[in-house]
Structure formats: C-alpha cells, structure tokens
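Summary of the model geometry
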Amino acid sequence: MSAIEIRGLIKRFGKTFALEGVDLKVPEGSIYGFIGPNGAGKSTTIRILLGLLKKDEGEVHLLGGDPWRENVELHRRLAYVPSDVQLWDNMTGGEVIDFLGRLRGSYSKERRAEFIERFDLDPTKKCKTYSKGNRQKVALISAFVSDVELLILDEPSTGLDPLMEGVFQQCIKEARKAGKTVFLSSHILSQVEAVCDQIGVIRGGKIIKEGNMEELRALILQQEPPTLEALFLNYYKKGQREEGLG
Amino acid sequence: MKRYFHATLSLMGLYLRQNRIFTLFWLLAPGVWVAINTVSSLVLFPTQESLVEMGVSLIDPLTEAMHGPLLEVSIAGFVTWRTKVFLVLLGGIFSIIHMIRHTRLAEEQGKGELLGANVAGSLAPLAAGVANMALINAAAAILALLAMAALGLGLMGSLAHCLGFLAASCVLGLLAAVAAQLFVSATAARGASFGMLGVLFGLHILWNVSGGENRLAYFNPLEWPLLIRPFAGERFSLLLIPLTLGAVLTALSLWLMARRDLGAGLVPQRAGPAFAKPGLRNLQALAWRTQKGPFLSWFCFYAIFSFALGYASYLMVSAVSSAEALAGLIERLGGIEGAFLSLMLYVLGLLISVYVIMSAGILGREEAAKGETLLSMPVRRESLLLSHTVYIFGGTAAVLLMSGFCVGLGAVVGTGDGSALSRLFFEMAKMIPALWVIGGIALLLFGGLPRWMTGISYGLLILFVLMEILWEQQQIPEVLYALSPFSWITPLKAVQPAAAPLVLSIAALLLAGGGVILFRQRDAAI
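Described below are features of the structure shown in this document. (Residues numbered from 1 in each chain as written. Chains lettered and ligands numbered in written order. Predicted model: local features only at pLDDT ≥ 70, side-chain atom pairs only at ≥ 80, totals over all residues. Heavy atoms only, no water.)

**Remarks on helix α8 (residues 213-221) of chain A**
All names here are of chain A. What counts here: Partly exposed describes any residue whose relative accessible area lies between the buried limit of under 20% and the exposed limit of over 50%, with all areas from a 1.4 Å probe on protein chains only and scaled to the type maximum. Helix and strand assignments follow DSSP, with helices taken as H or I runs no shorter than four residues and strands as E runs no shorter than two, numbered in order from the N terminus. Summarising the geometry, the arc corresponds to the directions from the helix axis toward the C-beta atoms.
Looking only at α8, the buried set comprises Met213, Leu216 and Ile220. When α8 is viewed along its axis, its buried side chains cluster within an angular range of 60° and face the same direction. Among the exposed residues of α8, those oriented more than 90 degrees off its buried face are Glu214, Glu215 and Leu221.

In structure tokens form, the structure reads like this:
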C-alpha cells in the first residue's frame, strides 16, 4: 500500500508551470526523502497534498483519499510542519501546542511533556520572542505529539542546532518504528542519507530520480566522494546540461 | 566618539528613505490642520462681534476640559487655542511610532544586528533616530508657521504656537526613546509610550477641569503650547524647560543604550502561561485572541466618545443657534431640530467602516501568515472565515449599538429629555446593514482577490464617500448614487426607503456568501 501516490501532477501559476507531471509513490511505513534545488516544486507538491492548492491535472491519492475534497477527514490523520513556521505573537509556545493538539483532536499530556523536554523548549515564552529555531521546535513538537498515520515535513529542521538535529532524526526514526509514514522534504542531504529509506529527486517540476536507499547506495559508492550530496549534484548538473544551461 | 556615533549621518539618510508616506503625513498634517482651522474660522466668524459671541458662549465644560482657557479673543487666538492639543497629540504619536520603529522594533527584526555588525557606531542607530525625529518635527513646524503667516495670523504668535507643539512633540518622542531602552519588545515599549501619553493627557484634562494654576503643569508637554501664550504676550523663556528636559532624556536614552546588550532591556520580558486555557480549543477561540484587541479598542472608544458627543452636542446646538453664520449652515441641513446631531452620528457611523475593513484585514493576515499551519488542520475553510465574520459583522453591530446607546444616554444626561435615548439609539442601529455591505465587499474580495482585499476595500470606501459629496452637489444621478450602500441611510435625504435595512442586509449576505464560495475554491493565499 502507498500512503501517497501521485501520477502526472501538473500545477500552473498563471502561465508558468510549477509542476510539469510529477509521479511519485510513498510506501506506507517508510521515510521518504524529497529533495531538489530551490524552486524545483517541493513546497508546491506538498501544498497540493495538503489541499492548500488545487491541482490542474493528474491524480493525487493521500491515505487513500482526495486531498482537495476530503481535506478535513484526511487532516485528522496527518500532521504537517511548514518550512517557515509563523505563530501567533501574543500566545506562548505552550498555548500554541495545546491549541493545535486540540484542533487536531489527537493529543496527550504525557507526550506533550516528553517532547517539550526532548526538544528543550521553554513553553512560557511568547511566540514573537522565539527565534526561528524555536518556532520550528513548536511546530515539530505539535506534530510529534499527535497520534497520526502520516507526517509531512517541509524542510523542518532549518534553524535547529546540531544537538536538536540529532533529536529530530531520532524522533522520525521512532515514528517509523511506530508504523507512521514520514514524507520529508529537505535540503540537508546528510540528514536524508541518515534517515530515509526512499528518495525522490525533483527538478524543474518533474521527478528525475526515484528509488529506495539500497538501490541508490550502489550509485553513491561510484561517486567521488561517495556521498548522496555528490550524487545529487551529479543529477543536478546533468539536468542543467540537458537544458543547455551548464 | 567615533566608536559611538560613526555613520550616524548615513543612517539618518537610510531612515529617511523608509516609510515615505508616513513621513509625508507627519510633515504636512500640522500645517494643513492649522490652515483648515484658520480658513473655517475666517468663514464662520467674519466679524469680531461674531467671534466674541462664540468666544464667550462656546466655553462649555467639555470644550474647556479639552482645550483649557481661551487666552485671546481673536481669530489667531481662537485658532491656536483650538488646534494646540491635537497638534501635540499628532506630533507626539508620529514621533513615538518613529522612535520605536528605528530603535526597539529594528532590534527585534534583526536589523539592529545587521547595522551593529557593520561599520556603524554602537549608539548611531539611536542618535540617527533622535536626530531625524527632531528634524522632521522642526520641518513640520516650519511648514505650519509658513501656513499661519501666509494666512495673516501674525508672525510672533505663530512662532510661539509652532515652537510650543514642536517642543512637546520632540519631548514625547524622546520619552519613547527612553522607553525603547527599557523594554525587550517593541509592542511593550510602544504601549508604555502611549500609556505615558495617555496619563499626560488625563492630567491635562484633570487640570483644565479643576482650573487654577498648577506648578506641575510646566512639566507636561501638553500644556506647553498654552503656557507659551501665543498671541497673548508670548513667553519664549518657557522653552528652557523642554530644552533642558529634552537634553536630559536624550542623554539618558544614550546612556542606557550604551550600558545594555543588543536585544536586552531593563524590564524583563514577562513569561506567559505554559498551558492553554481549556477554552482555547477551536477557531472561534483563536479568532477572539486575534480580534479582541482592535474590537475592544473601538468598542470602548466609541462608547466614551459617543457619550461625550451626545452630552456636548446639545450644548453646541444651543451655543451656535445664536451665531448667524452657523445658523445658516444648520438651516441648510434641515433645521436645528436634531439635524446637526444626525449628521454627526452619520459621519461617526461611516467611520466604523474602517473597523470593518481592519477586522477583515486580520482574517487576511491570518491566512497569509498562518494559513499553512491552520488549513492543514482538520478544519473547514468556511469555519476559518466564519470565525472572523463574527467580528466583521457582529463586532461592527456591537460598536454601533453601544455608540447609539451612549449618544442617547449622553443626550439624556445633557438635556433631561428622556425620549432622546430610543431615538438616537435607533438612528445608529439603522446604519448597521450599510456597514455590513462594506464587510460583505471585503469578504467577497477575500474570496476572489485576497492580496488586494484591503487596498480595494479602502478604495471603494473612499469612492462611496466621494459619491455622497458629488450627489449632494448634483454632479451624479440618483441611480449611480444608489450603488453606494450609504445612499440608503444618508440623513441628507428627507425620507429613506423603508426597505433599506432589508435590501442592504440581503446585499451583504450575498456578497459574503460569494466570498465563502470563492474562498472554498481558490488556492490558499500563502
């Protein structure tokens, strides 16, 4: 079973194409790394998955449903962390976590205390005084606290220090162990390499490579140095050459 | 010195290039306000007798509480007396916003860090903010002085008047510069500065009501434009007080700035609750958190102002009935019986349109900034819209009803006429559907053109007001004027259509419904 399945997805903003036929499949219970350069269409794809944007063409299945028409039912079963978290200035971090938890409907006091402790967040501070990293923590805690099947994370750990980055990676591995699916869009290729078992590379609104980590491992070993980063840059340059840019 | 003030001049240039519209208003408003008051006084009181009559008869308790004693019965004396408090408030508010923006707000937004890491003295941002504040206030005062001189008000008195409000504005701005050093957040610093202005204003009213001399008054900036006695034997030596006070405050703010870390303050940030109250569990509760500030401000301001208006309007009417020039004006509005007050209430009600558009703007910002977080929750889009519609429609109705009740109550207290209460209450109440139409337009735009909502809404509001003026001058036909929701409730028509509330309510409902349908179908504006 796939938690997410997209076929031939097209999205236009006016005359410009943001997505030119995206195909991808996220197996249930996996951690899927969604990587690509800036402006490749990562956030647009995610926003269509969340029913925030309307697709123009193609098929999108999220947890077996249509993300645009069945948004309320589906949102009960997922949690989302945006790349640039904006919060309510006059509310404290603790209030936001409680509010979002109650709105989603799945939430427990014990887990709340556990994750606030693990991410080392002061919940009594007003959101406007939080740094970017701390705002990100509020959204991450709110997502991990919830009892959902799918986590959609859009560059979730930007602004986190290396210590917190470690906590974050631990948390998503635990989520997988608990049977959850994680869709992780990221710029940090070392992070993707460390935790993901499936990878999709998007560029210019199209998926240019998809596969599981085991298959990619062989390709990575052929790179110099043997990292996902080198492989990614290789794909990226190849794409540029094909389009006559490089 | 270089360590502290290097690059102050470059920063002054940088600040001046920002917020140009704001600066333009700040520069022009005092001069325009004085000029309008001078011209209207010249028209209303063509002779010395009419002015003497007004000068004596106009001094009711409320006017005196606001403006203090009239020192000199002449056009010049009258204009300076009427404009001084407003000029100080205007200059003070502009100065406070400017100072906080370039000190604490800039630090909060990280601009302070960027500048601090660059080749700039550690005190240069504050010094540049203070210097610009003084310069802009001075330029505004010069423009006002030129306007007064051009209208023939006499140079010495005009100079005293302008120096009076210039000194007061600058000192209020410097108080904000000190407050900006004490508080960690810009909101708290701004709040403290406006709170201080509120206290000074309260003392001003208190001293005026109690009458008599008060030595402490010399330290309240709001009193300086009176104490400098324009056109009544000017006392320029008074300026020594603001000069000393200004120097002390400038030194204090720089001293505090030099002794604290970037981003730190002397008053620590208060911690909030670690847990949300049980009630904070749905979009309605969230909308209350984001809408309550503006709603309660408008509600309270309208309650107090309406009571004062109801109470004073009857005094005004009895005062102006004997002034010939005004009597003619009121006659044209359909006679003295209530017409004057009706028109005042109508204008008061129209101004609530600004609240309507503001509260719709909060919904717009909520979607733009937090739409990703909120709309990825299991909530319907229309629930988000409806949670704010409570304020756009219900809040507006509450402000109008409260205003009508308070105007009526004020009138009853002022005259002892018991029938005024229900009459004035319903006069305000019947404006509600017209304002709902403004809310409906804003919601339709929210659904269709979210990024343009606020701009187009204000544009249409101005257009409706212009249509009113053009229709009154018979420049546009009745049919065209009917497109404005205000044409259905204007007191300038002898009879308003009986179906007006129904027609307007249906129109508002259709517009808002269109907004909901469009919002459900469009991409989120994030």
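Still to come is the rest of the account.
**Examining the side chain of A:Lys11**
Counted only if it meets this: Throughout, a contact is declared for two residues whenever any of their heavy atoms are within 4.5 Å.
Counting through the fold element by element, A:Lys11 comes out in strand β1 (residues 2-13). By relative accessible area, which is 3% here, A:Lys11 ends up buried. Those residues within four positions of A:Lys11 in sequence are excluded, and the remaining contacts are A:Thr16, A:Phe17, A:Ala18, A:Leu19, A:Thr44, A:Ile48, A:Leu53, A:Lys54, A:Asp56 and B:Asp523.

**Some points on the nonpolar core**
Rules: Throughout this description, the term nonpolar core refers to a set of buried Ala, Val, Leu, Ile, Met, Phe, Trp, Tyr and Cys residues connected via side-chain atoms within 4.5 Å.
Within the largest apolar cluster, 143 residues are counted, with the highest numbers of intra-cluster contacts made by A:Leu24, A:Phe119 and A:Phe183. Examining the composition of this core, we find that 13 residues originate from one element, helix α15 (residues 339-375) of chain B, more than from any other. Dropping the residues within four chain positions of it, A:Leu24 is found in contact with A:Ile4, A:Glu5, A:Ile6, A:Tyr32, A:Phe34, A:Phe183, A:Ile207 and A:Glu210. Counting 61 residues, the second largest nonpolar core, distinct from the first, contains B:Val79, B:Val88, B:Tyr218 and B:Leu222.

**Regarding the sheet that holds strand β2 (residues 16-27) of chain A**
All names here are of chain A. Applied cut-off: A pair of strands is labelled paired if DSSP reports no fewer than 2 bridges between them. What counts as an axis is a line fitted to C-alpha atoms, over the stretch in contact for a helix, and the angles between N-to-C directions run from 0 to 180 degrees.
Spatially, three strands are ordered β2-β1-β4 in an open sheet, and the strand pairing comes out antiparallel. Pairing within the sheet leaves two strands with one partner each, and these edge strands are β2 and β4 (57-62). Neighbour-to-neighbour, the strand axes of the sheet open up by a mean angle of 15°, direction not taken into account. This element, helix α1 (residues 42-49), spans β1, β2 and β4 of the sheet and lies at about 115° to β1.

**With respect to the interface of chain B and chain A**
As a reminder of what qualifies: Once two parts are brought into contact, the accessible area they lose, counted with a 1.4 Å probe and summed over both, makes up the buried area. For this analysis, a polar contact is any N or O atom pair within 3.5 Å, provided that within protein one partner can donate a hydrogen and the other can accept it, and provided that sequence-adjacent residues contribute only side-chain to side-chain pairs. Here the term charged refers only to Asp, Glu, Lys and Arg, the term nonpolar to Ala, Val, Leu, Ile, Met, Phe, Trp, Tyr, Cys and Pro, and the term polar to all other amino acids, Gly among them.
Taken together, the contact between chain B and chain A spans 38 residues of the former and 37 residues of the latter. Note on chain B versus chain A: buried area summed over both sides is about 3,500 Å², and carbon and sulfur give 58% of it. Run the count over chain B and chain A and you get 19 residue pairs in polar contact (both at pLDDT 80 or more). Put simply, the parts of the chain that give the side of chain B that touches chain A at least two residues each are α13 (283-320), α15 and α21 (500-521) of chain B. It is α15(B) that provides the largest number of residues to the side of chain B that touches chain A, a total of eight residues. Partitioned by chemical class, the residues of the side of chain B that touches chain A number 17 nonpolar, ten polar and eleven charged.

**Let's talk about the pairing of strand β9 (residues 206-212) of chain A**
Consecutive side chains along a regular strand alternate between the two faces of the sheet. Residues and elements named next belong to chain A. In terms of strand pairing, strand β8 (residues 198-203) meets β9 through six bridges, oriented antiparallel. What sits directly across from Val201, in β9, is Lys209. Between β8 and β9, which pair antiparallel and follow one another directly, the connecting turn spans two residues, one of which, Gly204, has a positive phi of 55°.

**Digging into the pattern of salt bridges**
Note the threshold: Here, a salt bridge means any Lys or Arg side-chain nitrogen found within 4 Å of an Asp or Glu carboxyl oxygen.
Summed over all chains, the structure comprises 17 salt bridges over all chains. Taking the shortest distance from any N to any O, the salt bridge between B:Arg289 and A:Glu95 comes out at 3.1 Å. Here A:Glu95 lies in helix α3 (residues 93-104) and B:Arg289 lies in helix α13, a pairing that spans two chains. Assessed through its relative accessible area of 17%, B:Arg289 is described here as buried.

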